[in-house]
4 protein chains.
Amino acid sequence: MSHNTFGHLFRVTTFGESHGPLIGCVVDGCPPLIELAEADLQGYLDKRRPGQSRFTTQRQEPDQVRIASGVMSEEASGRQVTTGTPIALIIDNVDQRSKDYGEIRQQYRPGHADFTYDAKYGIRDYRGGGRSSARETAMRVAAGGIARKVIAGVTVRGALVQIGPHGIDRNNWDWNEVDNNPFFCPDAKAAALWETYLDGVRKAGSSCGAVIEIVAEGVPPGWGAPIYGKLDAEIASAFMSINAVKGVEIGDGMAAAALSGEENADEMRAGNTGVPHFLSNHAGGILGGVSTGQPVVARFAVKPTSSILTSRRSVDRFGAEVEIRTKGRHDPCVGIRAVPVGEAMMAVVLADAFLRHRAQTGAPDARWPFPRS
Amino acid sequence: MSHNTFGHLFRVTTFGESHGPLIGCVVDGCPPLIELAEADLQGYLDKRRPGQSRFTTQRQEPDQVRIASGVMSEEASGRQVTTGTPIALIIDNVDQRSKDYGEIRQQYRPGHADFTYDAKYGIRDYRGGGRSSARETAMRVAAGGIARKVIAGVTVRGALVQIGPHGIDRNNWDWNEVDNNPFFCPDAKAAALWETYLDGVRKAGSSCGAVIEIVAEGVPPGWGAPIYGKLDAEIASAFMSINAVKGVEIGDGMAAAALSGEENADEMRAGNTGVPHFLSNHAGGILGGVSTGQPVVARFAVKPTSSILTSRRSVDRFGAEVEIRTKGRHDPCVGIRAVPVGEAMMAVVLADAFLRHRAQTGAPDARWPFPRS
Amino acid sequence: MSHNTFGHLFRVTTFGESHGPLIGCVVDGCPPLIELAEADLQGYLDKRRPGQSRFTTQRQEPDQVRIASGVMSEEASGRQVTTGTPIALIIDNVDQRSKDYGEIRQQYRPGHADFTYDAKYGIRDYRGGGRSSARETAMRVAAGGIARKVIAGVTVRGALVQIGPHGIDRNNWDWNEVDNNPFFCPDAKAAALWETYLDGVRKAGSSCGAVIEIVAEGVPPGWGAPIYGKLDAEIASAFMSINAVKGVEIGDGMAAAALSGEENADEMRAGNTGVPHFLSNHAGGILGGVSTGQPVVARFAVKPTSSILTSRRSVDRFGAEVEIRTKGRHDPCVGIRAVPVGEAMMAVVLADAFLRHRAQTGAPDARWPFPRS
Amino acid sequence: MSHNTFGHLFRVTTFGESHGPLIGCVVDGCPPLIELAEADLQGYLDKRRPGQSRFTTQRQEPDQVRIASGVMSEEASGRQVTTGTPIALIIDNVDQRSKDYGEIRQQYRPGHADFTYDAKYGIRDYRGGGRSSARETAMRVAAGGIARKVIAGVTVRGALVQIGPHGIDRNNWDWNEVDNNPFFCPDAKAAALWETYLDGVRKAGSSCGAVIEIVAEGVPPGWGAPIYGKLDAEIASAFMSINAVKGVEIGDGMAAAALSGEENADEMRAGNTGVPHFLSNHAGGILGGVSTGQPVVARFAVKPTSSILTSRRSVDRFGAEVEIRTKGRHDPCVGIRAVPVGEAMMAVVLADAFLRHRAQTGAPDARWPFPRS
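Parameters at a glance
Residues numbered from 1 in each chain as written. Chains lettered and ligands numbered in written order. Predicted model: local features only at pLDDT ≥ 70, side-chain atom pairs only at ≥ 80, totals over all residues. Heavy atoms only, no water. Helix = DSSP H or I, 4+ residues; strand = E, 2+ residues; numbered from the N terminus. Rg over C-alpha atoms; globule rule 2.2 N^0.38 Å. Buried < 20%, exposed > 50% of the residue type's maximum accessible area, 1.4 Å probe, protein only. Contact = heavy atoms within 4.5 Å. Areas by Shrake-Rupley, 256 points an atom, 1.4 Å probe, with all protein chains shown as cover. Lys, Arg positive; Asp, Glu negative; His and termini not counted. Charge placed at Lys NZ, Arg CZ, Asp CG, Glu CD. Least-squares fit on C-alpha atoms with pLDDT ≥ 70 in both. Phe/Tyr/Trp six-rings, centres within 6.5 Å; stacked < 30°, edge-to-face > 60°. Lys NZ or Arg CZ within 6 Å of the ring centre and 35° of its normal. Pairing = 2+ DSSP bridges. Buried area = accessible area lost by both parts, 1.4 Å probe. Salt bridge = Lys/Arg side-chain N within 4 Å of Asp/Glu carboxyl O. Polar contact = N/O pair within 3.5 Å; in protein donor to acceptor, adjacent residues only side chain to side chain. Axes fitted to C-alpha atoms, helices over the stretch in contact; angles between N-to-C directions. Nonpolar A, V, L, I, M, F, W, Y, C, P; charged D, E, K, R; others polar. Left-handed = near helix turned anticlockwise from the far one by under 90°. Parallel < 35°, antiparallel > 145°, perpendicular 65-115°, else oblique. Disulfide = S-S within 2.5 Å.

**Points about the overall build of chain A**
Helix and strand content of chain A: seven helices and 18 strands. The globule rule puts the C-alpha radius of gyration for 373 residues at 21 Å, and the 22 Å found for chain A is close to it. With the C-alpha coordinates of chain A rotated into their principal frame, the extents come out at 75 × 55 × 40 Å. The burial tally for chain A puts 68% of its 373 residues in the buried class. Counting contacts in chain A only where the partners sit at least 6 residues apart, residues at least 24 apart contribute 70% of the total. Entry remark: accessible area of chain A is about 10900 Å², with carbon and sulfur atoms responsible for 48%. Here chain A contributes 41 positively and 42 negatively charged side chains, and the mean placements of these two sets differ by 5 Å.

**Describing the relation of the copies chain A and chain B**
The operation linking the two copies of the chain is a rotation about an axis combined with a translation along the axis. Superposing chain A onto chain B takes a rotation of 180° combined with a translation of 0.0 Å along the rotation axis, leaving an RMSD of 0.0 Å. The symmetry that links the two subunits is that of a two-fold axis.

**As for the relation of the copies chain D and chain C**
Least-squares fitting of chain D to chain C yields an RMSD of 0.0 Å, with the transformation described by 0.0 Å of translation along the axis and a rotation of 180°. The fraction of interface residues of chain D whose copies in chain C are also interface residues reaches 100%, indicating that both copies meet through the same surface.

**A closer look at unusual backbone geometry**
Despite not being glycine, Ala244(B) shows a phi value in the positive range, around 75°. As for its position among the elements, Ala244(B) is in the loop between helix H5 (231–240) and strand E11 (245–250). Unlike most non-glycine residues, Phe184(C) shows phi in positive territory, near 55°. Along the chain, Phe184(C) turns up in the loop between strand E9 (166–167) and helix H4 (188–203).

**Let's talk about the packing of aromatic side chains**
Enumeration according to the criterion identifies 34 aromatic pairs over all chains in this entry. The interplanar angle of 50° and the centroid separation of 4.7 Å between the aromatic rings of Phe239(A) and Phe300(A) together place this pair among those described as tilted. With Phe239(A) in helix H5 (residues 231–240) and Phe300(A) in strand E16 (residues 296–302), the pair connects residues that are 61 residues apart, well separated along the chain. The two residues Phe239(A) and Phe300(A) agree in class, both being buried. A cation over an aromatic ring shows up here: Lys120(B) above the ring of Tyr121(B), its NZ or CZ 5.9 Å from the ring centre.

**Observations regarding the pairing of strand E3 (residues 22–28) of chain D**
Residue and element names in this part refer to chain D. Counting buried positions along E3 gives seven out of seven residues, so the element sits mostly inside the fold. What you see with E3 is no split at all: Leu22, Gly24, Val26 and Asp28 on one side and Ile23, Cys25 and Val27 on the other are buried throughout. Across five bridges, the pairing between strand E2 (residues 11–15) and E3 is antiparallel. Note that in E3 the partner of arginine 11 across the bridge is aspartate 28. Here E2 hands over to E3 after six residues, with glycine 16 in that stretch at a positive phi of 110°. Both E3 and strand E7 (residues 87–92) contribute to a ladder of six bridges, which runs antiparallel. The residue of E7 that forms the bridge with valine 26 is alanine 88.

**A word on the interface of chain A and chain B**
Reports of interface size often rely on the accessible area that becomes lost once the parts have come together. Contacts between chain A and chain B engage 118 residues on the former and 118 residues on the latter. Buried surface at the junction of chain A and chain B, summed over both partners, amounts to about 9700 Å²; 60% is from carbon and sulfur atoms. For the interface between chain A and chain B, the tally reads six salt bridges. With a shortest N-O distance of 3.7 Å, Glu267(A) and Arg312(B) are connected by a salt bridge. Remark: the boundary between chain A and chain B carries 49 residue pairs in polar contact (both at pLDDT 80 or more). Here the side of chain A that touches chain B takes seven residues from helix H2 (residues 114–121) of chain A, the largest share from any one element.

**Looking at the sheet that holds strand E1 (residues 5–6) of chain B**
Residues and elements named next belong to chain B. Here five strands make up an open sheet; going across it, the order is E1-E2-E3-E7-E4 and the pairing antiparallel. For this open sheet the edge positions go to E1 and strand E4 (65–67), each flanked by a neighbour on one side alone. Helix H3 (residues 137–150) rests against strand E2 (11–15), strand E3 (22–28), E4 and strand E7 (87–92) of the sheet, and its axis sits at about 140° to E7.

**Observations regarding the sheet that holds strand E2 (residues 11–15) of chain C**
All names here are of chain C. An order of E1-E2-E3-E7-E4 is seen for the five strands of this open sheet, with the pairing classed as antiparallel. For this open sheet the edge positions go to strand E1 (5–6) and strand E4 (65–67), each flanked by a neighbour on one side alone. The strands touched by helix H1 (residues 38–48) are E4 and strand E7 (87–92); relative to E4, the strand with the most contacts, the crossing angle is about 155°. With respect to the sheet, helix H3 (residues 137–150) is in contact with E2, strand E3 (22–28), E4 and E7, its orientation differing from that of E7 by roughly 140°.

**Some details on the interface of chain D and chain C**
Taken together, the contact between chain D and chain C spans 118 residues of the former and 118 residues of the latter. In total, about 9700 Å² of surface goes out of reach between chain D and chain C, with carbon and sulfur atoms giving 60% of it. For the interface between chain D and chain C, the tally reads six salt bridges. Summed over the shared surface of chain D and chain C, the result is 49 residue pairs in polar contact (both at pLDDT 80 or more). At seven residues, the largest contribution of residues to the side of chain D that touches chain C is made by helix H2 (residues 114–121) of chain D. Split by residue class, the side of chain D that touches chain C holds 57 nonpolar, 38 polar and 23 charged. Relative to strand E11 (residues 245–250) of chain D, strand E11 (residues 245–250) of chain C runs antiparallel, the two being bridged by three bridges. Bridge pairing in E11(D) places Gly247(C) opposite Glu249(D).

**Some details on the packing of H5(B) against helix H7 (residues 338–361) of chain B**
All names here are of chain B. Packing of H5 against H7 brings their axes to within 9 Å, and their N-to-C directions diverge by 145°. At the point where H5 passes H7, the crossing takes the right-handed sense. Taking contact as the criterion, the partners of Leu231, Glu234, Ile235, Ala238 and Phe239 in H5 are, on H7, Gly342, Met345, Met346, Val349, Leu350, Asp352, Ala353 and Arg356. Taken together, the residues that form the contact of H5 with H7 break down as nine nonpolar, one polar and three charged.

**Points about the packing of helix H5 (residues 231–240) of chain C against helix H5 (residues 231–240) of chain D**
In contact at an axis separation of 8 Å, H5(C) and H5(D) are set at 160° when each is read in the N-to-C sense. By the angle between their directions, the pair H5(C) and H5(D) is classed as roughly antiparallel. The interaxial crossing formed by H5(C) with H5(D) has right-handed handedness. Residues Asp232(C), Ala233(C), Ala236(C), Ser237(C) and Met240(C) of H5(C) form the contact with H5(D), whose participating residues are Asp232(D), Ala233(D), Ala236(D), Ser237(D) and Met240(D). Per-class residue counts for the contact of H5(C) with H5(D) are six nonpolar, two polar and two charged.

**Brief notes about the pattern of salt bridges**
This model, assessed by the stated rule, comprises 104 salt bridges over all chains. Of the charged contacts in the structure, one is a salt bridge between Glu136(C) and Arg140(C), with a shortest N-O distance of 2.8 Å. The exposure class assigned to Glu136(C) is buried, which follows from its relative accessible area of 4%. Its relative accessible area of 1% is what places Arg140(C) among the buried residues. The partner of Arg356(D) in a salt bridge is Glu234(D), and the shortest N-O contact between them spans 3.8 Å. Taken together, the positions of Arg356(D) in helix H7 (residues 338–361) and Glu234(D) in helix H5 put the pair 122 residues apart, joining distant regions of the chain.

**Remarks on the pairing of strand E17 (residues 312–315) of chain D**
Each regular strand displays side chains that alternate between the two surfaces of the sheet. Pairing geometry for E17(D) and strand E18 (residues 321–324) of chain D, over four bridges, is antiparallel. Its bridge partner being in E18(D), Arg312(D) is matched across the sheet by Ile324(D).

**Observations regarding the state of the cysteines**
Considering all chains together, one arrives at zero disulfides over all chains under this definition. No disulfide involves Cys208(A); its sulfur sits 4.1 Å from that of Cys333(A), the nearest cysteine. Among the residues examined, Cys208(A) registers a relative accessible area of 1% and is labelled buried. Sulfur of Cys25(B): no disulfide; nearest cysteine sulfur belongs to Cys30(B) and is 11 Å away. Given the relative accessible area of 0%, Cys25(B) is considered buried.

**Points about the environment of Met346(D)**
All names here are of chain D. Inspection of the secondary structure assignment puts methionine 346 in helix H7. Between the alpha carbons of methionine 346 and leucine 309 there is a distance of 33 Å; along the sequence they are 37 residues apart. Methionine 346 has contacts with Val156, Ile214, Ala216, Ile235, Phe239, Val296 and Ala298, leaving out every residue within four places of it along the chain.

Bear in mind that shape data such as this cannot, by itself, settle questions of function.
Written as structure tokens, this is what we have:
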């Protein structure tokens, strides 16, 4: 059984390989009558697009998305809107350069999925990583653009908060800084240091990991579900499905283990909007799998790019031992471009949770039943 | 939309509340002809059962599981085996003591799901936490016992590796120690220190968090799936669905971000069984969402129990501000009893991945196609 | 892969065998705050219950349903309502008499699932048909009672319209007659004739088939979905999942093939409620997989009970040829008791379609956008 | 919630509208290492392609299918094989002629999905029927071609057995005749009569319905599942999802109601292959939702094409009453081209059932455990 669909009611199915003719996705379950044009999605894709700084792969892909179905011009308004039917998005692959990868077609690169795909399927697409390439995430970003429209009112933003061993100073957090540096870093000082650090990594032919934080503001209380459909479980699944991710945290995350009960539990006071006001947000906006109305805060750690210039020991598909150096064009830190991907996955999870909540309760958002009689 | 089912082909649906007449689950998709008796499951339940030391809640529940369907005696052998039809498991609730919870029926305990259930549904079962109680995890443990039988040959074990801020010394790791202390701790020295530490926490009416590590040995290469059905995404979803979990890690987890590419990628040498031999396991046994044949290693962090004796500020369901102290019987560290739950969820994820792998490839396990012609 | 769950958002999972200790189901996804007591379900179960006339099996089962989870008393009103969490329903098996079935434990009854279960699983529960027994449908009827509450405003009724070769005269259709005879027959004259006919069948130790018609009134336009989630496809799947069903029809059904395009297409005139008025209902209330606002009309054919007293040729599980007569207590026409089952499945399909429609469009019902600007 | 995916393990997701730039589908879950080229699918598409006789729409669509992902050349053999990743198929729309449909953009054609799509979504794609067009079925036929490869060994064939009121003589059944006439009719005499009949229908600007029979030979015993995943329920759902279908039958279908128990139950004798030999096939190859090893026989009825030249009464989307004649290019009997679509859906259902059976039991086919010890 293969799994290329994410979501329950807002469902994203992706297809295509790194070096095939195209990649694409089908978004099924999108509500009708939402204004949607290619330009709405292109901005997010441009943010993820490679080749924009010396810190990402030099592969040149315009990543122009086409909407192939599911929208039409509304008679009266002339607006292009969704029709409720599946929305297909397609991006043509342009700059494949397959010859770059020729010599590793029979060798398993350490840290890559080369061996495991072969072990599972008895065949693997060695051309640019085939289906396991991060190229697939372009479609997530496009689908995330649609998801954002479904949950209009919710703001989903991401930032890089650690690169290699170097974290940001949270006191310097400024969302406006995120677009002022090539790292989506909210701390201008850290960004300056990272530039030097990453130049060193790049020149050494090495790579490093990163931690990405995604924050969703405006999520009303009540989204998510108990037990196995928990909002945090869906986020964890979504983030862990991104290439190279090895850890996921909600709110205080792993550090919650070291807190006392007094420190951890977020106290509440009466809010003036009928929703309680929380005095802290250790929970990351989720309690019992359901949103609290506070910002949803989640992080994920990306391991260092496995494609490095240093020679490493491995085997080939015939079992022979080899030494392998990965040439070709690679990101020294795949975590950078994972920021828009993380945003997109958060948006998709929330759009799905919103539709599920609406199905079961009939509420467009959580109407906290206060004041009560 | 409510979600009370976990898994795709090996599916576990749980039901029942903390203070209802019973809790139960339905395991659907279990292969036929697997020997199964209640005694096979009871041992795992006993491990999770409360009231076994002064460090867990004093609620007394025998947690006797009954198999209500899906098994019968095989004519020839007399063995009780699965029939391929749904297996229903039922545990009667015995020691409810509902009156303990009476006074918090209209107040929202900080850190609990009280507010969010009310926000979502407009009603919540305040009796012992209702559906959000950790009592639901008893059924996971029982279902996990069936899952273990489906993946006979795989050993799933768990241990507590951190309690509050105090981690173990991994050099002392001894699986045999796990059952010698009330913490499932593999480091005898750490266990001794934890006893003192946790006594202090308990007497102070406070609580603490923990980190649990689950290791599955014997998983062949090839289980899991690319993209959204990644084995690590399923594990993350499974662990994050356990009460109070705030972080999930695979292999090196969040720490992978601080490694260099050279450190992180596990090198391979020719193995003598036709499967490559890995020289390290930073990946935690999973690459590209598919198992490598190394041990699958995953961790999750549990936040401190929210029910503490210290008075905390909150609101009630009418919006009035209140001070609240949680009396009743609670675990000072819910992380302890989360160990068998984590094991069970890992077993369920693996059983599901095994069936999915078998469906798509026809292979009972990954037959790494080496040597090749 | 086993499949014991029906529905997407309103999901019914059944479990239990004919001669096990109990049968049950879990209804997941039911909206919260719906008033629900056991008495609401018992009436439907009593209608399906065996032993009520000489025309159904003499097995005596009180079929007392218990709600084991998912409801609680609302503080303010004292009403027992759903909480949004899974509703477990349980019925104890009382009158099993396993010895009746002893001698067919190794023989395959023609027309039964005996051989196919054994072929699939390598084992079968021969006690009363095990999981393949019509007893499983009791849980559908109970779940259908909950579904009816979810779609309050929709009336779902069923009737037997043919027994053996004898159909009703549709000019005599009177819903009030349905409860006046042991056949759920809406035509009093036909019912009288059927009584004689079925007495003959019963005394001959033979059996006969039947056709059941289910009508749902009050379904608003817009429920259902295009392509694979068509409302009619869901109904077909639901009906075909009932024991012994061999055909399903929507509206004119198989007879539609013989109509001309002029006869078949239902003409429309302006309605006075903002919804078009249809001049006929050949479509059975569904066009393009979506409800039209007309009554949803569907039928299914039930084959004759396979358990007959006449000796038939068969084989046993060792491959030996045998002659077999089925003793024990059986319905001469299982179609009679299929009426409440068909009603229940229709209600479940509609509840699911309602929730799906609400998820995607936000509309509690289809608000046909007329008049438009 | 929209539903554009069919299948559980072999999953087909279609997208695209009649008059958009393209239509496509994603086949997920296909096993790896199956030889697959576009030419393998094109033959089935050509069979469904319009404009091949005067009895089908004159729209000219070459329907050239492209495989956009999921296959690659195997290193050693040079064969193009599936890789286990999603297979995307794309067909460009060529001959749209949107202007034909301009005048019905605001009117609801009786018998069409025009009104219901508008009622559901508040918008509809009036261009060639948009998503509700039978054009979507081209992708099913292509996907069915892949499914056939998954169940190599099973032969799936279809035939038209009734057109308007005129059925075939089953004594004349000759599969070789099916490709000798424009109707896929297995009875040469009937085909000759149908030609005259359908010419009359066409010239009158009218339309007629049809009944299609699909037969799958070589299905081993054991495919399918009990209760809600019954093989016949899946077939019913698949057929009912085809445009204009109003009835589905398995084996004797609706006529089973009129049989006696003695007539209906298929007797068995010892077979010489370890599988019982059935003396008849009233059951259509399915008992208890599971295949018996006999041919799987199913039928579906297609209503007359709703697009006719005769003026019919209807309303427009503003509620005004109108008279409407449907010009444009239409099939006088859509049932003809439904034959390859029905074959494809049967193949998809069987491929899915095969993978499900393999998942749960590990058996590539049902190994009836005879002789037993």
